[in-house]
Amino acid sequence: MKKIYINYKKIFWGIPTGLLLIYLALLIPPPEHSPQPPGEISPFIWDQDEYWIYLESSFVRAKELDSVSLHDSISVELERISNSLDLLYSTDLEPGSPALSSIEKNFFELCPLIGAQSEHLPKLIELRNKLRQAVKDQSSKWDMNSEETRDRLYRLLFGTRTAIEEVILQSPESSFPALTIACDEPSMTPEAEILGIKIHSGDILVSRGGAPTSALIARGNDYPGNFSHVALVHVDETTNEVSIIESHIECGVKLATIDQYLDDYKLRILVLRMRADTPQLESDPMLPHKAAEIVLNRALIEHIPYDFEMNFNDGGKLFCSEVASNAYSQMGVTLWMGISNISSSGVRSWLAAFGVKHFETQEPSDLEYDPQLRVVAEWYNPESLLKDHLDNAVIDIMLEDANNGEMLEYDWYKLPIARVAKAYSEAKNLCGGIGPIPEGMNAVAGLKNERFSKKHAAIKARLIRLAEEFEADRGYNPPYWEMVKLAKQARVEIE
């Protein structure tokens, strides 16, 4: 009988050699997508640094006024803006109207005064809600894809929101409610009460997450905003059970209870509802509920992957905005009447590194400007607003670096391990679980996200200390324009 000899020496050297070859093979990077140039469009730029400094100095001067004189000045300005809003409700205006520019200026210059005497803040919030509704009503007659319209809506809606938030961050928490009821738009669809308000089936929840990538989604837009996520509400007409339908990077489309939705940390939430006087709802008042049922039933019978390419014309995969737009489109309603654009070269490059291929898309922040939708309610508090502003300031200066040519890097030596983690994640996804690398990202994107998040956290940690020093020195929280300056300083100090 022939003896079999085992060559232990070959086995000893063969195993590590094989593992090394596998490791080296897994080090080969995949091809990366390079976005096409944006063409002639360009992002909105305020370019009003001197004006922001003037508003800050106005706030400082107001704090030194006697309370009676300040109260009288604020009352006069509140009355002036209130009278201006009467014009918006009674007269059709074009987006270039000087009257709208005047309202914007008066509102901006009133806010520093109320920042020094916050008892007027509830009245200011009430006026802002009326302003938003009146402007959105006016915009129903405007060309929603014209630059003039987009600029006007952004300046008035985003601008006045930001101005009020500056006041809130200078005011005692007791001076305003966490829940703001904007309007009680009538709806015939099934309803349920959550967090103190009635939510209707078909309502849209627009929110802001606490992750650095959430800040990137909110700010990485030609009209930088405050929101990063969209979800659709379904209320069962028999049980009144609430289901939140949303798409997550980690697992695609899923259903959540309201508690599960809120457990996923939210810095702010906006509730949007279709206007009852739109022709589609006048013909079919249950249309929003039917739209929600379409995507709910689909999610119950199949897995809908996350669409990281952000192609809203492909319903096979859905990113968060598409959950709402795809459902409503099947009922004949086109949401995002003004399509979002991402034209900054650096933003396009960074988003492409995460897998985005379509830069004319549907950004969560831009849905607020759709004239077909009413803002019903909004939740926020000073702590979450401050975190929102800190995250935004860091992202804004990081995106400046991106536009100056800085690329998203990753730790190349981790790629083999990341690829194994991605394979494990895909297996977990097939079984309905969530792995370490999101379903919508490949291994390289996951590593880039890791590096990006670490840099964001490092700059933010230093920014927090600088903001605290600013407050101790000047006696008030840094307004956003000062926050951005401090973020730039923080970036330099950690490098």
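Further up the page is the structure itself.
The paragraphs below set out a description of the structure included in this document. (Residues numbered from 1 in each chain as written. Predicted model: local features only at pLDDT ≥ 70, side-chain atom pairs only at ≥ 80, totals over all residues. Heavy atoms only, no water.)

**Quick word on the overall build of the protein chain**
Selection rule: Put simply, DSSP H or I for four residues or longer makes a helix, DSSP E for two residues or longer makes a strand, and each gets a number counted from the N terminus. Note on method: radius of gyration uses C-alpha positions; expected globular size equals 2.2 Å times residues raised to 0.38. Relative accessibility under 20% of the residue-type maximum defines a buried residue, over 50% an exposed one, and the middle range a partly exposed one, all with a 1.4 Å probe and only protein chains included. We call two residues in contact whenever any of their non-hydrogen atoms come within 4.5 Å of each other. Surface accessibility in these figures is a Shrake-Rupley result with a 1.4 Å probe; residues are shielded only by whichever protein chains are displayed. By the counting rule applied here, Lys and Arg register as positive and Asp and Glu as negative, while His and the ends of each chain are not counted. One atom stands in for each charge, and that atom is NZ of Lys, CZ of Arg, CG of Asp or CD of Glu.
When its secondary structure is counted, the protein chain shows 16 helices and eleven strands. For a compact globule of 495 residues, the expected C-alpha radius of gyration is about 23 Å, and the protein chain comes in at 25 Å, within 12% of that figure. With respect to the principal axes defined by its C-alpha atoms, the protein chain has extents near 110 × 60 × 45 Å. Looking at the 495 residues of the protein chain, the share that counts as buried comes to 56%. Taking as baseline every contact in the protein chain between residues at least 6 positions apart, the subset at least 24 positions apart corresponds to 77%. Taken as a whole, the protein chain presents about 22,600 Å² of accessible surface, with 55% of it coming from carbon and sulfur. Mean positive and mean negative side-chain charge positions of the protein chain (48 and 74 charges, respectively) differ by 9 Å.

**Re the sheet that holds strand β1 (residues 179-181)**
As a reminder, the rule being used: Strands are treated as partners if at least two bridges between them are detected by DSSP. To obtain an axis, a line is fitted to C-alpha atoms, over the contacting stretch when the element is a helix, and the angle between two such axes runs from 0 to 180 degrees between their N-to-C directions.
Strand order in this open sheet of seven strands is β1-β11-β8-β4-β5-β6-β7, and the pairing throughout is antiparallel. Each edge of the sheet is formed by a strand with only one pairing partner; in this case those strands are β1 and β7 (252-256). Ignoring strand direction, the axes of neighbouring strands in this sheet form an average angle of 25°. For strand β4 (residues 204-209) and strand β8 (residues 266-274), the ladder comprises six bridges, and the chain directions are antiparallel. Bridge assignment links G209 to a residue of β8, and that residue is K266. The sheet contacts of helix α11 (residues 320-329) involve β4, β5 (229-235), β6 (242-248), β7 and β8, and relative to β5 the element is tilted by about 45°.

**What about unusual backbone geometry?**
Even without being glycine, D47 reaches a positive phi, approximately 55°. For D47, a relative accessible area of 69% translates into the label exposed. Phi is positive for M310, close to 60°, though the residue is something other than glycine. Structurally, M310 can be placed in the loop between α10 (287-301) and α11. Classification of M310 as buried rests on a relative accessible area of 12%.

**Points about the environment of H71**
Residue placement: H71 occurs in helix α3 (residues 67-90). With 378 residues separating them along the chain, H71 and N449 place their C-alpha atoms 49 Å apart. Those residues in contact with H71 that sit more than four places away from it in its chain are Q117, E119 and H120.

**So, the packing of aromatic side chains**
The condition is simple: Stacked, edge-to-face and tilted are the three classes for Phe, Tyr and Trp ring pairs, Trp counted by its six-membered ring, which pair at centre distances within 6.5 Å; planes under 30 degrees apart are stacked, over 60 edge-to-face, the rest tilted. Ring-over charges, as used throughout, are those where CZ of Arg or NZ of Lys falls within 6 Å of the ring centre and within 35 degrees of the ring normal.
Within the structure shown, the criterion is met by 19 aromatic pairs. Ring geometry for Y51 and Y54: centres 6.1 Å apart, planes at 20°, overall stacked. Taken together, the positions of Y51 and Y54, both in helix α2 (residues 49-64) and three residues apart, correspond to about one turn of that helix. Pairing Y306 with F308 gives two aromatic rings, centres 5.5 Å apart and planes at 70°, and the pair type is edge-to-face. For Y306, a relative accessible area of 11% puts it in the buried group. Site record: aromatic cluster; members linked through ring pairs are F44, W46, Y51, W52, Y54, F108, Y154, F158, Y223, Y369 and W481. Note that K266 overlies the ring of Y261, its terminal NZ or CZ placed 4.0 Å from the centroid.

**Here we look at the layout of surface pockets**
Cut-off, in case you're wondering: A pocket here means an open set of points on a 1 Å grid, computed over the protein atoms alone, that has protein on both sides within 12 Å along at least five of seven lines. A cavity is instead a set of points where a 1.4 Å probe fits but cannot get out; residues with an atom within 4 Å of a point line either one. Grid points are joined across faces, edges and corners, and a volume is the space filled by probe spheres set on the points.
Size it by volume and the largest pocket reaches roughly 1,300 Å³. Lining the largest pocket are 47 residues; nearest its centre among them are W46, W52, R219, D396 and Y480. Listing elements by their share of the lining of the largest pocket, those giving two or more residues are α2, α4 (98-116), α6 (147-168), α13 (382-403) and α16 (480-494). Per element, the largest residue contribution to the lining of the largest pocket is eight residues, and it comes from α6.

**Some words on the side chain of S201**
Residue placement: S201 occurs in the loop between β3 (197-200) and β4. Residue S201 is classed as buried on the basis of its relative accessible area, which comes to 1%. Those residues in contact with S201, other than ones at most four positions away along the chain, are T189, P190, V233, H234, V235, P288, H289 and A292.

**Some details on the pattern of salt bridges**
Counted only if it meets this: For this analysis, a salt bridge means a side-chain nitrogen from Lys or Arg found within 4 Å of a carboxyl oxygen belonging to Asp or Glu.
Counting across every chain of the model gives 36 salt bridges. A salt bridge links R132 to E368; its shortest N-O distance comes to 3.1 Å. Here the residue R132 occupies a position in helix α5 (residues 121-139), and E368 occupies one in the loop between β10 (360-361) and β11 (373-379), the gap between them amounting to 236 residues. Exposure class is identical for R132 and E368. Each is buried. A salt bridge links D366 to R150, with the nearest nitrogen and oxygen atoms 3.3 Å apart. Residue D366 is found in the loop between β10 and β11, and its partner R150 is found in helix α6; the two are separated by 216 residues along the sequence. Overall, the relative accessible area of 3% leaves D366 in the buried class. Judged by its relative accessible area of 9%, R150 falls in the buried class.

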